[in-house]
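Structure at a glance
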Amino acid sequence: MLIECDNCEVRATGCGQCVVTALLGVPAGAGIDIGDDELRALDVLADVGMVPPLRLSVPEVRAS
């Protein structure tokens, strides 16, 4: 999964409750590539309350 905070619809309002910000601070410009194993691990940590969940929300691309 490529996380590009610049494209996140809840950037600024959701950053404070996002695992990316909690672990890395607010990324500037470049995307963060998280593999499936790492994403599952972050989900487990979020489920037990150790880190906030991923709040990434990107616009849906609609087919023409």
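Before reading on, note that the structure itself is shown above.
Attention here is on the structure that accompanies the text. Computed from a predicted structure; not experimentally measured.

1. Topic: empty space enclosed by the protein
Within this structure, the stated rule accounts for two cavities of 30 Å³ or more. Of the voids in this model, the second largest cavity is the one considered here, and its volume is about 40 Å³. Together, Ile3, Val19, Ile34, Leu39, Leu42, Asp43, Ala46, Pro52, Pro53 and Leu54 line the second largest cavity. Per-element tally for the lining of the second largest cavity: the top contributor is helix H2 (residues 36–47), with four residues. Looking at the lining of the second largest cavity, its residues break down into nine nonpolar, no polar and one charged.

2. Some words on the nonpolar core
Counting residues in each nonpolar core, the largest one holds 11 residues, listed as Ile3, Cys5, Cys18, Val19, Val20, Ile32, Ile34, Leu39, Leu42, Ala46 and Val51. For this core, the elements supplying multiple residues, two or more each, are helix H1 (19–24) and H2. Ranked by the residues each element gives to this core, the list is headed by H2, at three residues. Those residues in contact with Leu42 that sit more than four places away from it in its chain are Val19, Leu23, Ile34 and Val51.

Basis of the calculations
Residues numbered from 1 in each chain as written. Predicted model: local features only at pLDDT ≥ 70, side-chain atom pairs only at ≥ 80, totals over all residues. Heavy atoms only, no water. 1 Å grid on protein atoms, 1.4 Å probe; cavity = no way out; pocket = protein on both sides within 12 Å on 5 of 7 lines; lining within 4 Å. Points joined across faces, edges and corners; volume = space filled by probe spheres on them. Helix = DSSP H or I, 4+ residues; strand = E, 2+ residues; numbered from the N terminus. Nonpolar A, V, L, I, M, F, W, Y, C, P; charged D, E, K, R; others polar. Core = buried A, V, L, I, M, F, W, Y, C linked by side-chain atoms within 4.5 Å. Buried < 20%, exposed > 50% of the residue type's maximum accessible area, 1.4 Å probe, protein only. Contact = heavy atoms within 4.5 Å.

On their own, these measurements won't tell you what the molecule is for.
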